[in-house]
Amino acid sequence: MEDDVIAVIDFGGQYTHLISRRIRSLGVKTAVIPSRQLRPAELKTVKGVIFSGGPASVYEEDAPRVGIELLEGRPVLGICYGHQLLAHLFGGEVEKARVREYGRTVIQVDEGCRLFKGLPNRFMVWMSHSDHVKQLPPGFTACASTSSSPNAAICNEGKQLYGVQFHPEVSHTENGIQILANFVFNICGCIPSWKMENYVDRVVQEIAQQVGDGRVLCAVSGGIDSTVTAALVSKAVGKKLKCIFINHGLLRKKEPEQVLEALKNIVGEENVVYVDASKRFLEKLRGVADPEEKRKIIGHEFAAVFEEYSRKHGPFTHLAQGTLYPDVVESGRSVGGSAVIKTHHNVGGMPETFNLELVEPLKELYKDEVRQIAELLGLPKWLVKRHPFPGPGLAVRVIGEVTEEKLRICRDASAIVEEELEKMGLLDDVWQAFAVVGDDKATGVKGDVRSLGHVVTVRVVSSVDGMTADYVKIPYETLDRIASRITNEVEGVSWVTYAISSKPPATIEPQ
């Protein structure tokens, strides 16, 4: 029996694939389809349709839309822009809101709408919009409201059409997964049959078919993404894989040794190559302060090293790397036309002349799904729980020019943060914990003598998938020990601060 499918129509929203991820977590298969490429055949067998959010306004001339005839007879849930588009398509009115809503908002739910069945009358949701539905379409009723949005959720039960201005897919929305479950199961009638084991089997087959008789270079940073990629590719092509670990000089403390040992155990020592290119990367980054430029330089340099190794030890036909969907969507490569937040080194850094075909088995997944795959593949537990680390490494945690001094401070301070959280049993409970250093300096006093040192910012966040995040309320005693150790043990530091910004509006990494 074929899996039931929910189609997620991508209008360029930052959370499009997060909607897909949430539905898959319920055990239901999804198909993400770009709005501008939607064809009737693609909706022929789906059980329901979800409209994603997006950066456009429905009243703009070139705003992305879909034909109303494609929706006939299928349950539809519109989210944010999708909510506004649904109202617009069926004759409602959308306009710029006088009061914009960003962040947590309390919603009041009216009884009778199946979308909110079994939920409390009031709960917290996550808003991110500047337009709103002013006038309901004929046949629709408002089924939820906020203090500034009387039509925060709308429905037409007869046609099984629903719209919510908030984002049920983000972890900040209370009861969000239950709202999606109500739509998928109670309204669309789906049967949960989608499993991560199926994804592993499928992607291994796809890699084998893509590579064929070719040979693969796998870019390994040592994080869980690239390591799981290496394990999947190894499973698919065996000895046709060569894993290349490039030390760009931007790694964490003692990381090169840990990476090599783990990688050799996973894919075999004969399939691992170590390249120390730290001097080369740091020289290329010298004098560069712009974060986008730093990311692109690192990406281009990675590609150059790969190409050089490929020419010398090849021929290779493919390059495998651990790109995740948050990397893709934040780099503006989402098929729906999302806005560029920041270019990730392994997405935006590849030159047009790059002559190896990319293999990216994780590009539709989120971090929590990758951890599930790691467990299925039997990877070490310490690796499964390891905190995410950006491909550009400490270059994104050093604000401004990357210098040897700032790298040393960032590396040593980050190690202290992790050590103290581990002592308190908190390290495995948070998403990421690290230190950031820039060019700002502050006056301090050491040994009765005035000193001028760097300001170090500690960042500890909680998250499920990396698309949204909250700062962690670390006990003051732990913060005190972290600050004391950094100022006393890391030369050149005067002040230690703690970052309390959430994502959004901030990002997890500073650059």
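First things first, this report covers the structure right here in the doc. Once a new chain begins, its residue numbering starts again from 1 and follows that chain's sequence as written. Reporting of local features is limited, given that this is a predicted model, to residues whose pLDDT is at least 70; pairs of side-chain atoms are given and counted only at 80 or more, and all residues count toward the totals for whole chains, interfaces and linings. With hydrogens and water stripped out, all remaining heavy atoms of the structure feed into the side-chain values.

### Considerations on unusual backbone geometry
- Between Gly314 and Pro315 the backbone carries a cis peptide bond, its omega angle lying at 10°.
- Look at Cys80: it is not a glycine, yet its phi comes out positive at around 55°.
- Here Cys80 lies in the loop between β4 (76-79) and α2 (81-89).
- For Cys80, a relative accessible area of 5% corresponds to the buried category. A run of H or I in DSSP becomes a helix once it reaches four residues, and a run of E becomes a strand once it reaches two; helices and strands are each numbered from the N terminus. Note on exposure labels: buried denotes an accessible area under 20% of the residue type's maximum, exposed denotes more than 50%, and partly exposed covers the range between, all computed with a 1.4 Å probe on protein chains only.

### Let's talk about the environment of Lys44
- When you line up the elements, Lys44 lands in the loop between β2 (29-34) and β3 (48-51).
- With 26 residues separating them along the chain, Lys44 and Leu70 place their C-alpha atoms 9.1 Å apart.

### Some words on the nonpolar core
- The biggest cluster of nonpolar side chains holds 86 residues, and the ones touching the most others in it are Ile207, Val228, Leu232, Val460 and Ile486.
- No other element matches the 8 residues that helix α5 (residues 224-237) contributes to this core.
- Contacts are assigned to residue pairs with any non-hydrogen atoms lying within 4.5 Å of each other. Among residues more than four places away in sequence, those in contact with Ile486 are Ala413, Ile416, Val417, Val456, Val458, Val493 and Val496. Nine residue types can take part in a nonpolar core, namely buried Ala, Val, Leu, Ile, Met, Phe, Trp, Tyr and Cys, and a core is a set of them joined through side-chain atoms within 4.5 Å.

### Considering the sheet that holds β3
- The strand order across the open sheet formed by 9 strands is β2-β1-β3-β4-β9-β8-β7-β5-β6, and the pairing between neighbours is mixed. The open sheet has two edge strands, β2 and β6 (122-135), and neither has a second partner. For this sheet, the mean angle separating the axes of adjacent strands, direction not counted, is 20°.
- Bridge count between β4 and strand β9 (residues 161-164): 4 bridges; the pairing is parallel. Each residue of the ladder has a partner; that of Ile79, found in β9, is Val164.
- Along the sheet, α2 makes contact with β3, β4, β5 (93-109), β6, β8 (153-156) and β9, crossing β4 at roughly 120°.
- The axes used here are C-alpha line fits, helices contributing only the stretch in contact, and every angle between their N-to-C directions lies in the interval 0 to 180 degrees. Packing against the sheet, helix α3 (residues 176-187) makes contact with β1 (5-10), β3, β4, β6 and β9, and its axis sits at approximately 165° to β4. Here, any two strands with at least 2 DSSP bridges between them count as paired.

### Regarding helix α7 (residues 278-285)
- Within α7 the residues assigned to the buried category are Ser278, Phe281, Leu282 and Leu285. Here the buried residues of α7 occupy an arc of 95° about the axis, which is enough to place them on one side.
- On its buried face, α7 sits against β11 (241-247), β12 (272-276), α8 (291-313) and α13 (404-423).
- Trailing α7 by a residue or two, Gly287 shows a phi angle of about 85°, which is positive. By arc we mean the arc of the directions from the helix axis to the C-beta atoms, nothing more.

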